[in-house]
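# Working through the structure, step by step
Residue strings, one per chain:
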Amino acid sequence: MRKRGSLHIGAILLGGLVASVFFAAGCGEQGKKQVTIAVIPKGTAHEFWQTVHAGALQASKDLDVKIEWQGPQTEIQRDLQIEIVENFIAKMVDAIALAPQDADALLPVIKRVNQDKIPLVLFDSDANTEDYVSFVATDNYEGGVKAAQALAELLGNKGKVIVIANEPGSGSTDKREQGFKDAIAKNFPEIEIVDMQYGNSDRARARAVTEDLLTRNPDVDGIFASCEPMTFGAWQALRAQDLAGKKKLVGFDASEKLNEALRAGEINALVLQDPFRMGYLAVSTLVDAMNGKTPDKRIDTGVKVIKTETMDEPENAKLLQPDLSSLDE
């Protein structure tokens, strides 16, 4: 269900974009072509990406630029994402915002973007290159650390846990999983990670993997799931085995169903990004760059742990139910 509300971007950010608005609006004057920015997410199926889309659309309206939003449906279609980038290069778009599905597989096409002198912003997930204007994303390693701290608190700093990981090579979730493992090893010696399995960015696969791990490790106390489909699958596995609310679950990202599970206490905490802000900044940073500005190489969009008892606090509620009204306009 889409929530209508005020734009989730601070006045400071908007104030800093005045010059960008002037540039973008100028492109529409005297018959000049409107700036077109391709925005290519890792996937389009999950609510996270819909919220990124809403943020990008809002930026396009505020700055009078055109965006073309196109990405693979699922986050394991690397060849299709490469083809989408190649098509936008051929169309000679003015700039590209890209969330790479794989930190290495997208490198050749990123090189082509740079050879064609198309300004490039990476968002959500990085790649093993520095050839981009800016990287706009959550500090995913810190998100994993915060997840470890939240789960440890829930477990009283001791117990056995499993990790439902996303997809090998996915830059954002690789860092979350590493941050989680490092924080447990460094700070919580009485917590043991007994297993970690990949759900391949698929809810059904995540559920099957979680059910298998729970069957093989019936004494496990807690679960960390590193993205929305992994969290959903892990939650469904707990429900299927009548363990929801009995085993502690810390997940990543929000959706309508996950929010309901958080309120019911079947999920104990969600580590949330700000995908609306991420989409907005991916577009506005490119406009800044085309205006001759030099954006920061790394723009952190923030990460926050929200628990059942804190989910109704105003700022948390905005993250759990972001403004998607721009998708309807």
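Report on the accompanying structure. (Residues numbered from 1 in each chain as written. Predicted model: local features only at pLDDT ≥ 70, side-chain atom pairs only at ≥ 80, totals over all residues. Heavy atoms only, no water.)

### As for unusual backbone geometry
Glycine aside, residues mostly have negative phi, and peptide bonds are mostly found in the trans state. Which entries qualify depends on this criterion: Elements are defined by DSSP. Helices are runs of H or I of four residues or more, strands are runs of E of two residues or more, and each kind is numbered from the N terminus. Accessible area is worked out with a 1.4 Å probe on protein chains only. A residue is then buried under 20% of its type maximum, exposed over 50%, and partly exposed in between.
A positive phi angle, close to 55°, is found at Asp64, a residue other than glycine. Along the chain, Asp64 falls in the loop between α3 (47-63) and β2 (66-69). Of the residues examined, Asp64 reaches a relative accessible area of 34% and is grouped as partly exposed. Look at Asp242: it is not a glycine, yet its phi comes out positive at around 55°. In this fold, Asp242 is placed in the loop between α9 (228-240) and β9 (248-252). What makes Asp242 exposed here is its relative accessible area of 54%.

### Description of the sheet that holds strand β4 (residues 120-123)
What counts, and what does not: Here, strands pair whenever DSSP counts at least two bridges between them. Between N-to-C directions, angles cover 0 to 180 degrees, with each direction set by a line fitted to C-alpha atoms, over the stretch in contact for helices. When checking whether two residues touch, look at their non-hydrogen atoms; a contact exists if any pair is within 4.5 Å.
Overall, parallel pairing links the six strands, which are arranged β2-β1-β3-β4-β5-β11 in an open sheet. Every other strand in the sheet has two partners, leaving β2 and β11 (298-300) as the edge strands with one partner each. The sheet shows a mean angle of 20° between the axes of neighbouring strands, taken without regard to direction. Pairing between strand β1 (residues 36-40) and β2: four bridges, direction parallel. Bridge pairing in β2 places Ile37 opposite Ile67. Relative to β2, α3 is tilted by about 160°, and along the sheet it contacts β2 and β4. Sitting on the sheet, helix α4 (residues 78-90) touches β1, β2 and β3 (95-98), and the angle it makes with β1 is about 175°.

### Concerning the packing of helix α8 (residues 203-216) against α9
Condition: Each angle is binned into one of four classes, with values under 35 degrees roughly parallel, values over 145 roughly antiparallel, values of 65 to 115 roughly perpendicular, and all other values oblique. Less than a right angle of anticlockwise turn of the near helix away from the far helix marks a crossing as left-handed, whereas a clockwise turn marks it as right-handed. Amino acids are sorted into nonpolar (Ala, Val, Leu, Ile, Met, Phe, Trp, Tyr, Cys and Pro), charged (Asp, Glu, Lys and Arg) and polar (every other residue, Gly among them).
Relative orientation of the contacting elements α8 and α9 amounts to 50°, with a least axis distance of 7 Å. Judged on the interaxial angle alone, α9 and α8 are oblique. α8 and α9 meet at a crossing whose hand is right-handed. Side by side, α8 and α9 meet where Arg203, Ala206, Arg207, Thr210, Glu211 and Leu214 of the first sit next to Glu228, Pro229, Met230, Phe232, Gly233, Ala234, Gln236, Ala237, Leu238 and Ala240 of the second. Considered class by class, the residues forming the contact of α8 with α9 number nine nonpolar, three polar and four charged.

### Comments concerning helix α10 (residues 256-264)
Short version of the rule: Directions pointing from the helix axis toward each C-beta atom define the arc.
If you check which residues of α10 are buried, you get Leu258, Asn259, Ala261 and Leu262. Buried residues of α10, seen end-on, are gathered within an arc of 160° and therefore sit on one face of the element. Tucked into the core, α10 has its buried residues touching α9, β10 (269-272), β12 (304-307) and α12 (314-320). Residue Gly265 follows α10 closely and has a positive phi angle near 80°.

### Quick word on α8
Worth spelling out the cut-off: The span you would expect from a helix comes to 1.5 Å times its residue count less one. Here a polar contact is recorded for every N or O atom pair within 3.5 Å, except that within protein the pair must consist of a potential hydrogen donor and a potential acceptor, and residues adjacent in sequence are included only if both atoms are side-chain atoms.
Spanning 14 residues, α8 covers 20 Å between terminal C-alpha atoms, matching the ideal 20 Å at 1.5 Å per step. Where α8 is concerned, the buried positions are Ala206, Val209, Thr210, Leu213 and Leu214. End-on, the buried residues of α8 take up no more than an arc of 130°, which puts them together on one face. Exposed residues on α8 whose side chains face more than 90 degrees from its buried face are Ala204 and Thr215. Residues of α8 that are buried in the fold lie against β6 (159-165), β7 (191-198), β8 (222-225) and α9. One side-chain oxygen at the N-terminal end of α8 lies 3.2 Å from the backbone nitrogen of Ala204; it belongs to Asp202.

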